[in-house]
Amino acid sequence: MASELVDLSQPLHPGMSRVAVLPEVEITRLNTNLQTSLLSVPSHAGTHIDAPIHVIKGGKRIGDIELARFTGQAVVSTVHRAHKELITVSDVLSGGPEPRAGDTLIIHTGWSAHFDGEDYHEHPSLDMELAEWAVEQGLSMIAIDTINPDLPVSQRDEGFNFPVHRKLLGNDVLIAENLTNLDRVSGHRGRFHAYPTVAMPPGGDAGHARFVMEAPADQ
């Protein structure tokens, strides 16, 4: 029997949480003979995967990345950190299976419970030591259930340059943001699938993805 797949993606809807500088998500019903809608969605709203070019000049676009990167083994680590707290290597290692080279690390903070609320923007963030460790371990991607793995806006100094993004994407560790339903796969190692949409140049800085993972065998 085929494994159950758990959807870890946030459904698109008008008014959904997004970075403040981005326009609203809009979904408009078109007046056509068949039911058709027009979607206006910023590339970094909803569940999506960042490409290196998002922060690295001349970096790969989402369409340049081999499809094999968007499926494979993932581990889900549950961490308990609040606003203004940093997620450390120790948190990750104590919260789930240890990731191996080539794995995707999914970090479950529980912050998706705040999605569409003001608290969603006041999330915990990754310690730079964790970003450096992910590069050293040869991880393929870090995915998280927050709007950003870097510091929330309220904690940033003037000239903030997204150091976690730059460390990961600059070393070919992809980033996926705005996941949900991670309680369904908490502490689990299994196969994931997250194929992003591809926008041709000058886009390609990110791709919206239906992020799914095989459910644990005991469910």
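Residues numbered from 1 in each chain as written. Predicted model: local features only at pLDDT ≥ 70, side-chain atom pairs only at ≥ 80, totals over all residues. Heavy atoms only, no water.

Asker: Is there a simple way to explain the packing of aromatic side chains in this structure?
Answerer: With the rule as written, the count across this model stands at three aromatic pairs. Plain terms: the ring middles of F115 and Y120 are 5.0 Å apart, the flat faces sit at 80° to each other, and that makes the pair edge-to-face. The pair F115 / Y120 is uniform in exposure class, with both members buried. With 5.4 Å between their ring centres and 20° between their planes, F192 and F211 make a pair best called stacked. Remark: F211 occurs in the loop between strand 12 (206–208) and strand 13 (212–214) and F192 occurs in strand 11 (residues 189–193); sequence separation between them is 19 residues. Accessibility expressed as a relative area gives 1% for F192, which makes it buried. (Phe/Tyr/Trp six-rings, centres within 6.5 Å; stacked < 30°, edge-to-face > 60°. Buried < 20%, exposed > 50% of the residue type's maximum accessible area, 1.4 Å probe, protein only. Helix = DSSP H or I, 4+ residues; strand = E, 2+ residues; numbered from the N terminus.)

Asker: How do you make sense of a nonpolar patch on the surface when you look at a structure like this?
Answerer: Judged by side-chain polarity, L12, I27 and L39 come together as a nonpolar surface patch covering roughly 240 Å² of accessible area. Along the chain, L12 falls in the loop between strand 1 (5–7) and strand 2 (26–30). Taking relative accessible area as the criterion, L12 reaches 34% and is therefore assigned partly exposed. (Patch = residues over 30% accessible without salt bridge, like charges linked within 9 Å, V, L, I, M, F, W, Y side chains within 5 Å. Areas by Shrake-Rupley, 256 points an atom, 1.4 Å probe, with all protein chains shown as cover. Salt bridge = Lys/Arg side-chain N within 4 Å of Asp/Glu carboxyl O.)

Asker: Mind showing me how you'd approach the side chain of S125 here?
Answerer: Among the secondary structure elements, S125 is positioned in strand 8 (residues 125–126). When neighbours within four sequence positions are excluded, S125 is seen to be in contact with E85, L86, I87, P149, D150, L151 and P152. (Contact = heavy atoms within 4.5 Å.)

Asker: Help me understand the sheet that holds strand 1, please; the structure alone is not making it clear to me.
Answerer: The strands that make up a sheet are held in pairs by hydrogen bonds between backbone atoms, and each pair lies either parallel or antiparallel. The strand order across the open sheet formed by nine strands is 1-13-11-5-7-9-10-4-12, and the pairing between neighbours is mixed. Each edge of the open sheet is held by one strand with a lone partner, namely strand 1 and strand 12. Neighbouring strand axes in the sheet, compared pairwise and without regard to direction, differ in orientation by 30° on average. The sheet contact formed by strand 4 (residues 48–50) and strand 12 spans three bridges and is antiparallel. When the bridges of strand 12 are listed, I49 appears paired with G207. (Pairing = 2+ DSSP bridges. Axes fitted to C-alpha atoms, helices over the stretch in contact; angles between N-to-C directions.)

Asker: Looking at this structure, how should I read the nonpolar core?
Answerer: A general tendency of soluble globular proteins is for nonpolar side chains to be buried together. L8, I49, I106, L179, F211 and M213 are the most contacted members of the largest nonpolar core, which totals 23 residues. When contributions to this core are tallied by element, the ones reaching two or more residues are strand 5 (71–78), strand 9 (141–144) and strand 10 (174–177). Apart from residues lying up to four places away in sequence, L8 is in contact with T47, I106, N178, L179, T180, N181, L182, V185, F211, V212 and M213. Core analysis: the next-biggest nonpolar cluster, separate from the first, contains 21 residues, V55, V79, L105 and I144 among them. (Core = buried A, V, L, I, M, F, W, Y, C linked by side-chain atoms within 4.5 Å.)

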